[in-house]
Amino acid sequence: MYNETVMDHFQNPRNVGEITDASGVGEIGNVVCGDILRVYIKVKGEILDDVKYMTFGCGAAVASGSMMTTLAKGKTIEEAKELTNKDVAQALGGLPPQKLHCSNLAADALHKAIEDWQQKPERRSELSEIINKG
Ligand code: FES
């Protein structure tokens, strides 16, 4: 049912786990099946220095989370915001149509983690300093 890339990321998922001192955390639940994917990000400057994830989901969700972390790590915040669920599914070489909804968790959870980071008080004061200087 799954291609080689999906099987590889399912059997050897990259960047699984928690970042204890994460800059932001985002979680998305899948309305179709009730599964959950949580993303942790560590931001340094404007770069996603580290991205980890955990999921209570199927093989396609595990593979999508894994692929999303490899795509997002090292990207700027702006680049990471542009990453779509479709990009993740494409990087996996496609998913069976009945499993496409599973790949909708990864990039959405990443975007939520970025939003979480942007809403942090220290981030807000950092941003207003930049705005005030400009
Ligand atoms: Fe729930 Fe795939 S069946 S994420």
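Residues numbered from 1 in each chain as written. Predicted model: local features only at pLDDT ≥ 70, side-chain atom pairs only at ≥ 80, totals over all residues. Heavy atoms only, no water.

Draft legend 1. Representation of the packing of helix H1 (residues 4-11) against helix H2 (residues 59-72). The geometry of H1 relative to H2 is characterised by a closest axis approach of 8 Å and an angle of 90° between their N-to-C directions. In terms of axis orientation, H1 runs roughly perpendicular to H2. Contacts between H1 and H2 involve Thr5, Val6, His9 and Phe10 from the first element and Gly59, Val62, Ala63, Ser66, Met67 and Thr70 from the second. Tallied by class, the residues present in the contact of H1 with H2 amount to 5 nonpolar, 5 polar and no charged. (Axes fitted to C-alpha atoms, helices over the stretch in contact; angles between N-to-C directions. Helix = DSSP H or I, 4+ residues; strand = E, 2+ residues; numbered from the N terminus. Parallel < 35°, antiparallel > 145°, perpendicular 65-115°, else oblique. Contact = heavy atoms within 4.5 Å. Nonpolar A, V, L, I, M, F, W, Y, C, P; charged D, E, K, R; others polar.)

Draft legend 2. Structural view of the nonpolar core. Within the largest apolar cluster, 32 residues are counted, with the highest numbers of intra-cluster contacts made by Val39, Ile41, Leu48, Val51, Met68 and Leu110. Take this core: its biggest share by element is 8 residues, from helix H5 (residues 104-118). Other than its neighbours up to four places away in sequence, Met68 contacts Val39, Val51, Leu83, Val88, Ala106, Ala107 and Leu110. (Core = buried A, V, L, I, M, F, W, Y, C linked by side-chain atoms within 4.5 Å. Buried < 20%, exposed > 50% of the residue type's maximum accessible area, 1.4 Å probe, protein only.)

Draft legend 3. Structural context of the sheet that holds strand S2 (residues 36-44). A sheet is described by the order of its strands in space; here 3 strands give the open sequence S1-S2-S3, paired in antiparallel fashion. Every interior strand has two partners, whereas the edge strands, strand S1 (24-29) and strand S3 (47-56), have only one. Averaged over all pairs of adjacent strands, the angle between strand axes in this sheet comes to 15°, irrespective of strand direction. Against the sheet, H2 engages S2 and S3, with an angle of about 175° to S3. Taken strand by strand, H5 contacts S1, S2 and S3, and its axis lies near 145° from that of S1. (Pairing = 2+ DSSP bridges.)

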